[in-house]
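# Structural overview for review
This is what each chain is made of:
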Amino acid sequence: MPVVKTVELPLTRQEDVVAVRQRTRSLGVEIGLTIVDQTKIVTAASELARNTVIHGGGGKATIEIVKEASKQGLRLTFEDCGPGIPDLERAMQDGYTSGAGLGLGLGGSKRLCNDFAIESKVGKGTRVTIARWKA
Amino acid sequence: MGNTRLAEIIGRHERDLLAEWTRRQMDSFGTGRDRISETQLRGNSQDFLRALTEALLRNAGSDLRRQEWSSMKDLLGEISRQRATQGFTPSETAVFVFSFKQPLFTRIASEYPNDSEGFAAELWTATELLDELGLYTSEMYLKSREEVILRQQQEMLELSTPVVEVWEGVLALPLIGTLDSARTQIVMQNLLEAIVARGANLAIIDITGVPTVDTLVAQHLLKTVAAARLMGADCIISGIRPQIAQTIIHLGVDLSGVLTKATLADALQLALKKKNLTVARS
Ligand SMILES: Nc1ncnc2c1ncn2[C@@H]1O[C@H](COP(=O)(O)OP(=O)(O)O)[C@@H](O)[C@H]1O
Ligand SMILES: [Mg+2]
């Protein structure tokens, strides 16, 4: 899949989550996503970025403008080398949290995006990739 | 070895070193002179020379981590902080140390008239040391800039969270900006305190100005509503724009137990109705 533009951002502190949201928003505007689609991908980005910081112990976000056939979209990847997720199915369930959250971040992000993929290995880390295509 | 020798040289030429160095600093500021007085510059320079000589006499070397340099570091930290608040740029601040090179090197040269090797060695010691001190000054400058910014942000946090009483017993809290991190805690605390202080039984939390409502923000809102309820006040959340309403649904956040309204005006109307008040055209 051709990548038109790539932005990498560190995710170590809470404030980094804000930067990821802002950058996602501005790239969404750049490719002409509707307000609703912008809001969806930015909200998903916020959830996953925070998971990377809080549960993954920090990592990075990669935001890309991607092209496929004649459509354009945003693809976001969140990676960390944290503890990993032992039971992915359970983690994806609405309401499950190992911390003090609402447990809706993973499931919610999946519903907010067109593509959603998660890989995780215990003791190695977690990678989540999402995409939102321009309607 | 070069250390105490350098101290001697500085001691012998102190007066004219000070004069030339101060003049150089004044010149380098050009039009920016009014930001700092010659007296302050001279004072800073005098303190610097004193701290420098002291450390050199104790053979402190050029490793600033050594304890002998601690009063010099305190001084440079203080000067950097002053300059940062006086609006100096990082390079204008570092000039303080670097402009001392030329006057000092001239004096060193005059002390080694026929000894080019001794001169080179002394020069090297002095350069290495002044570079370290200059770098340290820049670092301290950046650190104090960060502190200034952090403090301003903190002040903004407090300024930008007004709780207004829109009607007797009805409070409104217009939220603007990012709603996670430290800010939310403060905002929500303010609201709860205001509820008690004014004996309010209705509070409108308006989120028109909040760009993103994710699960953390939602959780903060839900917690605040629950806490307010325990204190006898009902909350109405207003300003939920269509796109935000959609994302909240997709996230699966349950706001069914919370009163919500699209606009602040709608929320106010509801609040008045709950107080059995009607607004009529006269
Ligand atoms: N990057 C990650 N590294 C490790 N564990 C994670 C990561 N992301 C999510 N998890 C796990 O999945 C759970 C569910 O995540 P989420 O749905 O976002 O809910 P919440 O963050 O509110 O707990 C988390 O509580 C955590 O145990
Ligand atoms: Mg989460």
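Before going into details, it helps to say that this report is about the structure given with it. (Residues numbered from 1 in each chain as written. Chains lettered and ligands numbered in written order. Predicted model: local features only at pLDDT ≥ 70, side-chain atom pairs only at ≥ 80, totals over all residues. Heavy atoms only, no water.)

### A look at the overall build of chain B
The number of helices and strands found in chain B is 11 helices and 5 strands. Taking all 282 residues of chain B together, 45% fall into the buried category. Taking the intrachain contacts of chain B between residues at least 6 apart in sequence as the baseline, contacts between residues at least 24 apart amount to 73%. Summed over its atoms, the accessible surface of chain B is roughly 14600 Å², and 54% of this surface lies on carbon and sulfur atoms. (Helix = DSSP H or I, 4+ residues; strand = E, 2+ residues; numbered from the N terminus. Buried < 20%, exposed > 50% of the residue type's maximum accessible area, 1.4 Å probe, protein only. Contact = heavy atoms within 4.5 Å. Areas by Shrake-Rupley, 256 points an atom, 1.4 Å probe, with all protein chains shown as cover.)

### Remarks on the sheet that holds strand β4 (residues 234-238) of chain B
Strands in a sheet are paired, the pairing made by backbone hydrogen bonds, and the direction either parallel or antiparallel. Residue and element names in this part refer to chain B. Within the open sheet, the 5 strands sit side by side as β1-β2-β3-β4-β5. Their pairing is mixed. The two strands at the open ends of the sheet, each matched to only one other strand, are β1 (164-167) and β5 (259-261). Within this sheet the neighbouring strands show an average axis-to-axis angle of 30°, counted without direction. Where strand β2 (residues 170-176) and strand β3 (residues 202-209) come together, 6 bridges link them in parallel fashion. Across the sheet, the residue bridging to proline 174 is aspartate 206, located in β3. Sheet contacts for helix α9 (residues 215-230): β3 and β4; angle to β4, the most-contacted strand, approximately 150°. Across the sheet, helix α11 (residues 264-274) is in contact with β1, β2, β3, β4 and β5; its angle to β3 comes to roughly 175°. (Pairing = 2+ DSSP bridges. Axes fitted to C-alpha atoms, helices over the stretch in contact; angles between N-to-C directions.)

### A look at the interface of chain B and chain A
Across the boundary between the two partners, chain B contributes 18 residues, which contact 20 residues of chain A. Between aspartate 214 of chain B and arginine 50 of chain A there is a salt bridge, and its shortest N-O distance comes to 2.9 Å. Here chain B is connected to chain A by 7 residue pairs in polar contact (both at pLDDT 80 or more). Breaking the side of chain B that touches chain A down by element, the ones donating at least two residues are α9 and α10 (242-251) of chain B. With 6 residues, α10 of chain B is the largest single contributor of residues to the side of chain B that touches chain A. Partitioning the side of chain B that touches chain A into residue classes produces 7 nonpolar, 9 polar and 2 charged. (Salt bridge = Lys/Arg side-chain N within 4 Å of Asp/Glu carboxyl O. Polar contact = N/O pair within 3.5 Å; in protein donor to acceptor, adjacent residues only side chain to side chain. Nonpolar A, V, L, I, M, F, W, Y, C, P; charged D, E, K, R; others polar.)

### Structural notes on the site of ligand 1
Residue and element names in this part refer to chain A. Around ligand 1, a shell composed of 17 residues is seen, among which Asn51, His55, Thr97, Ser98 and Leu106 lie nearest. Within the backbone of leucine 102, one N or O atom sits 3.4 Å away from an oxygen atom of ligand 1. Leucine 106 is positioned with one of its backbone polar atoms (N or O) 2.9 Å from an oxygen atom of ligand 1. Tallied by class, residues from the shell around ligand 1 come to 6 nonpolar, 10 polar and 1 charged. (Near = heavy atom within 4 Å.)

### Focus: the nonpolar core
Here is a general trend for soluble globular proteins: nonpolar side chains tend to be buried in one another's company. Within the largest apolar cluster, 61 residues are counted, with the highest numbers of intra-cluster contacts made by Phe78 and Ile130 of chain A together with Leu175 and Ile207 of chain B. By size, the runner-up hydrophobic cluster in this structure holds 32 residues, among which are Ala7, Phe48, Leu76 and Phe96 of chain B. (Core = buried A, V, L, I, M, F, W, Y, C linked by side-chain atoms within 4.5 Å.)

### Focus: helix α2 (residues 35-54) of chain A
With 20 residues, α2 of chain A should cover 28 Å at 1.5 Å per step; its first-to-last C-alpha distance of 28 Å lies within 8% of that length. Most of α2 of chain A sits out of view: 16 of its 20 residues are buried. (Expected span 1.5 Å × (residues − 1).)

### Topic: a nonpolar patch on the surface
Among the surface-exposed residues, Val164, Val166, Trp167 and Leu277 of chain B lie close enough to one another that they form a single nonpolar patch of about 320 Å² accessible area. Note that tryptophan 167 of chain B resides in strand β1. (Patch = residues over 30% accessible without salt bridge, like charges linked within 9 Å, V, L, I, M, F, W, Y side chains within 5 Å.)

### Quick notes on the sheet that holds strand β4 (residues 115-121) of chain A
All names here are of chain A. If you walk across this open sheet you meet the 5 strands as β1-β2-β3-β5-β4, and the pairing is antiparallel. Edge positions in the sheet fall to β1 (3-11) and β4, since each of these pairs with one other strand and no more. Within this sheet the neighbouring strands show an average axis-to-axis angle of 10°, counted without direction. With 7 bridges connecting them, β4 and strand β5 (residues 125-133) associate as antiparallel partners. Residue glutamate 119 lies in a different strand from β5, and its bridge partner there is arginine 127. Against the sheet, helix α1 (residues 14-30) makes contact with β1, β2 (59-68) and β3 (71-80), and its axis sits at roughly 165° relative to β1, the strand it touches most.

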